[in-house]
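Chain by chain, the residues:
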Amino acid sequence: MQPLDESIVFQHFDTLSPSQQAQFSQIAPVYQTWNNKLNLISRQDIDHLYLKHVLHSLGIAKVVDFKAGTRILDVGTGGGFPGIPLAIMFPQVEFHLIDSIGKKIRAVQHIATELGLANVTTQQVRAENLETQYDFILGRAVTSLATFYGWVKNNMASTHQNLIPNGILYLKGIDTHLETIPLQRRIYAIRDFFADPFFETKQLVHLYA
């Protein structure tokens, strides 16, 4: 059985700096404090924070090593996932975390500040009302992927700087209904990165032009 503390992250990412390790270690106490004030994460999941939220989010880091200066939008970030763990992993990358629920996004801004994440900005806004363009747009089981694409299809920058094409990186369960989205796709099984049974049905979908 996998450990439920931050060591599960260190097992899979062994080149973290001391400051990154400290930030990942701080996630648990910070989130526990905020979860007592506001139910950012379900009560049954808070004890599995590193497995079900942090490591799941970091599945994206197994697919792409974002270059410095990459601009990323995290749509429907909720409690700050996948944006917060990825912002720790990639301190030279710009993360814009948005959610339509004000109390959640305000909490996420406090969390980012407490973790010392200067590369994170937050905003209460719906994705379809944003006009800014980004290299990658992230989502984590926010809605159906077809609906998500409709929200963000105009926010993908056309100039590429990473080793994979700009586009959507979406964490979700198994779903074969992607035919309606007019983009190329590549699907990654998260179980190929992390062996825990929790990831058996988890996928990362990359959609790109």
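Bear in mind the structure is a predicted one, so any value in this text is a computation, not a measurement.

Conventions used here
- Residues numbered from 1 in each chain as written.
- Predicted model: local features only at pLDDT ≥ 70, side-chain atom pairs only at ≥ 80, totals over all residues.
- Heavy atoms only, no water.
- Helix = DSSP H or I, 4+ residues; strand = E, 2+ residues; numbered from the N terminus.
- Buried < 20%, exposed > 50% of the residue type's maximum accessible area, 1.4 Å probe, protein only.
- Contact = heavy atoms within 4.5 Å.
- Areas by Shrake-Rupley, 256 points an atom, 1.4 Å probe, with all protein chains shown as cover.
- Pairing = 2+ DSSP bridges.
- Axes fitted to C-alpha atoms, helices over the stretch in contact; angles between N-to-C directions.
- Phe/Tyr/Trp six-rings, centres within 6.5 Å; stacked < 30°, edge-to-face > 60°.
- Lys NZ or Arg CZ within 6 Å of the ring centre and 35° of its normal.
- Parallel < 35°, antiparallel > 145°, perpendicular 65-115°, else oblique.
- Left-handed = near helix turned anticlockwise from the far one by under 90°.
- Nonpolar A, V, L, I, M, F, W, Y, C, P; charged D, E, K, R; others polar.

Asks: Help me get a handle on the overall build of the protein, residues and values and all.
Replies: The secondary structure content of the protein amounts to six helices and seven strands. Listing every helix and strand of the protein by position from the N terminus yields α-α-α-β-α-β-α-β-β-α-β-β-β. The dimensions of the protein, computed from C-alpha atoms along their principal axes, are 40 × 35 × 30 Å. Counting only residues that meet the buried cut, the protein has 54% of its 209 residues in that class. Residue pairs at least 24 apart in sequence account for 67% of intrachain contacts in the protein once pairs closer than 6 positions are excluded. Of the roughly 9600 Å² of accessible surface on the protein, 48% is carried by carbon and sulfur atoms.

Asks: Give a detailed account of the sheet that holds strand 1 (residues 71-75), specifying residues and quantitative values.
Replies: Read from one edge of the open sheet, seven strands run 3-2-1-4-5-7-6, paired in mixed fashion. Each edge of the open sheet carries a strand with a single partner, namely strand 3 (120-124) and strand 6 (184-189). The sheet shows a mean angle of 20° between the axes of neighbouring strands, direction not considered. Pairing analysis gives five bridges linking strand 1 to strand 2 (residues 94-99), with the strands arranged parallel. Residue valine 75 lies in a different strand from strand 2, and its bridge partner there is isoleucine 98. Along the sheet, helix 3 (residues 49-57) contacts strand 4 (136-140), strand 5 (167-173) and strand 7 (202-208); its crossing angle with strand 4, the most-contacted strand, is approximately 165°.

Asks: Break down the pairing of strand 3 for me, citing the residues and quoting the values.
Replies: Across five bridges, the pairing between strand 2 and strand 3 is parallel. Note that in strand 3 the partner of leucine 97 across the bridge is threonine 122.

Asks: Which residues make up the packing of aromatic side chains, and what values go with them?
Replies: Overall, the coordinates contain nine aromatic pairs when judged by the stated rule. Measuring from centroid to centroid gives 5.1 Å for phenylalanine 66 and phenylalanine 90, while their planes differ by 75°, and the two rings are edge-to-face. Linking phenylalanine 66 in the loop between helix 3 and strand 1 with phenylalanine 90 in the loop between helix 4 (83-89) and strand 2, this pair joins segments that are 24 residues apart in sequence. Each member of the pair phenylalanine 66 and phenylalanine 90 is classed as buried. Clustering of aromatic rings is evident, with ring pairs tying together Phe13, Phe193, Phe194, Phe198 and Phe199. The ring of phenylalanine 13 carries the charged tip of lysine 62 above its face, separated from the ring centre by 4.5 Å. Directly above the ring of phenylalanine 198 sits lysine 202, whose terminal nitrogen or CZ lies 4.2 Å from the centroid.

Asks: Could you give an account of the packing of helix 2 (residues 18-37) against helix 5 (residues 102-114), naming the residues involved and the relevant values?
Replies: Between helix 2 and helix 5, the shortest axis-to-axis distance is 11 Å and the interhelical angle comes to 150°. Here helix 2 is positioned roughly antiparallel relative to helix 5, judged by the angle of their axes. The handedness of the crossing between helix 2 and helix 5 comes out as right-handed. Side by side, helix 2 and helix 5 meet where Gln26, Val30, Tyr31 and Trp34 of the first sit next to Ala107, His110, Ile111 and Glu114 of the second.

Asks: Would you mind going over the packing of helix 2 against helix 3 in detail, with residue names and values included?
Replies: One way to put it is that helix 2 packs onto helix 3 with a least axis distance of 12 Å and a crossing angle of 120°. Compared by their axis directions, helix 2 and helix 3 come out oblique. Once helix 2 is placed against helix 3, the crossing between them reads as right-handed. In this structure, helix 2 contributes Phe24, Ser25, Gln26, Ile27, Ala28 and Tyr31 to the contact, and helix 3 contributes Leu49, Tyr50 and Val54. Of the residues contributing to the contact of helix 2 with helix 3, the split by class is seven nonpolar, two polar and no charged.

Asks: Can you explain the environment of isoleucine 72? Please cite residues and give values.
Replies: Examined against the element boundaries, isoleucine 72 turns out to sit in strand 1. Along the chain, isoleucine 72 and glutamine 133 lie 61 residues apart, while their C-alpha atoms are 8.9 Å from each other. Those residues within four positions of isoleucine 72 in sequence are excluded, and the remaining contacts are Phe66, Val93, Glu94, Phe95, His96, Tyr134, Phe136 and Leu138.

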